[in-house]
Amino acid sequence: MPGVPPSAPTGDDLLKVLSALGNPHRMRIVAALLERRNYVSELARLIGMGRPLLHMHLQRLEAAGLVVGTLEVGEDGKSMKYYDVTPFIYELTPRTVAEAAATLTRTTDPDPAAGRTAKEEAK
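Let me sum up the structure you'll find in this document. In this text, all values refer to a predicted model and were calculated from it rather than measured experimentally.

Of the regular secondary structure elements, the protein holds six helices and three strands. The helix and strand sequence of the protein, counted from the amino end, reads α-α-β-α-α-β-β-α-α. Buried residues in the protein amount to 24% of all 123 residues. Partitioning the contacts of the protein with sequence separation of at least 6, the portion at a separation of at least 24 is 51%. Just so you have it, the protein exposes about 8800 Å², and 57% of that area is on carbon and sulfur atoms.

With that out of the way, let us pick up the side chain of Asn-23. With respect to the secondary-structure elements, Asn-23 resides in the loop between helix 1 (11–21) and helix 2 (24–35). Relative accessible area serves as the criterion here: at 16%, Asn-23 is assigned to the buried category. Among the polar contacts made by the side chain of Asn-23, one reaches the main-chain amide nitrogen of His-25 at a distance of 2.7 Å.

Following the sequence through the fold, Ile-29 ends up in helix 2. Ile-29 sits 54 residues away from Tyr-83 along the chain, and the two C-alpha atoms are 9.9 Å apart. Once residues within four sequence positions are removed from consideration, Ile-29 is found in contact with Leu-43, Ile-47, Leu-54, His-57, Leu-58 and Leu-61.

Attention now goes to the packing of helix 2 against helix 3 (residues 40–47). One way to put it is that helix 2 packs onto helix 3 with a least axis distance of 11 Å and a crossing angle of 115 degrees. Relative to helix 3, the crossing made by helix 2 is right-handed. Across the interface between the two elements, Arg-28, Ile-29, Ala-32 and Leu-33 of helix 2 pack against Leu-43, Leu-46 and Ile-47 of helix 3. Residue composition of the contact of helix 2 with helix 3, grouped by class: six nonpolar, no polar and one charged.

What counts, and where the lines are drawn
- Residues numbered from 1 in each chain as written.
- Predicted model: local features only at pLDDT ≥ 70, side-chain atom pairs only at ≥ 80, totals over all residues.
- Heavy atoms only, no water.
- Helix = DSSP H or I, 4+ residues; strand = E, 2+ residues; numbered from the N terminus.
- Buried < 20%, exposed > 50% of the residue type's maximum accessible area, 1.4 Å probe, protein only.
- Contact = heavy atoms within 4.5 Å.
- Areas by Shrake-Rupley, 256 points an atom, 1.4 Å probe, with all protein chains shown as cover.
- Polar contact = N/O pair within 3.5 Å; in protein donor to acceptor, adjacent residues only side chain to side chain.
- Axes fitted to C-alpha atoms, helices over the stretch in contact; angles between N-to-C directions.
- Left-handed = near helix turned anticlockwise from the far one by under 90°.
- Nonpolar A, V, L, I, M, F, W, Y, C, P; charged D, E, K, R; others polar.

Rendered as structure tokens:
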């Protein structure tokens, strides 16, 4: 709907998006898909990445709602999965982060390094 501002993301949704974009490969995938939708094999060649690793990154981006994949059957009967960028806008301000934090459902820190002491980190 034009003119309707996007709703504020929940804390869990914001974490998924930030985590998905917190990887240089996934940022490159989004950039490549912004140019045009593409299928896995061609995208892998374009980015210079193996298909299994690309699939893992695409799954992460899709789970965060940043890309969408569709399975299409060509004239030759071959199935190919095409990916496209999903339009998204996230405004990061201290207020939106605080509002998102108030809705977090996770009670533990998913970062395994967060519970380490400085002495353990130095090892």
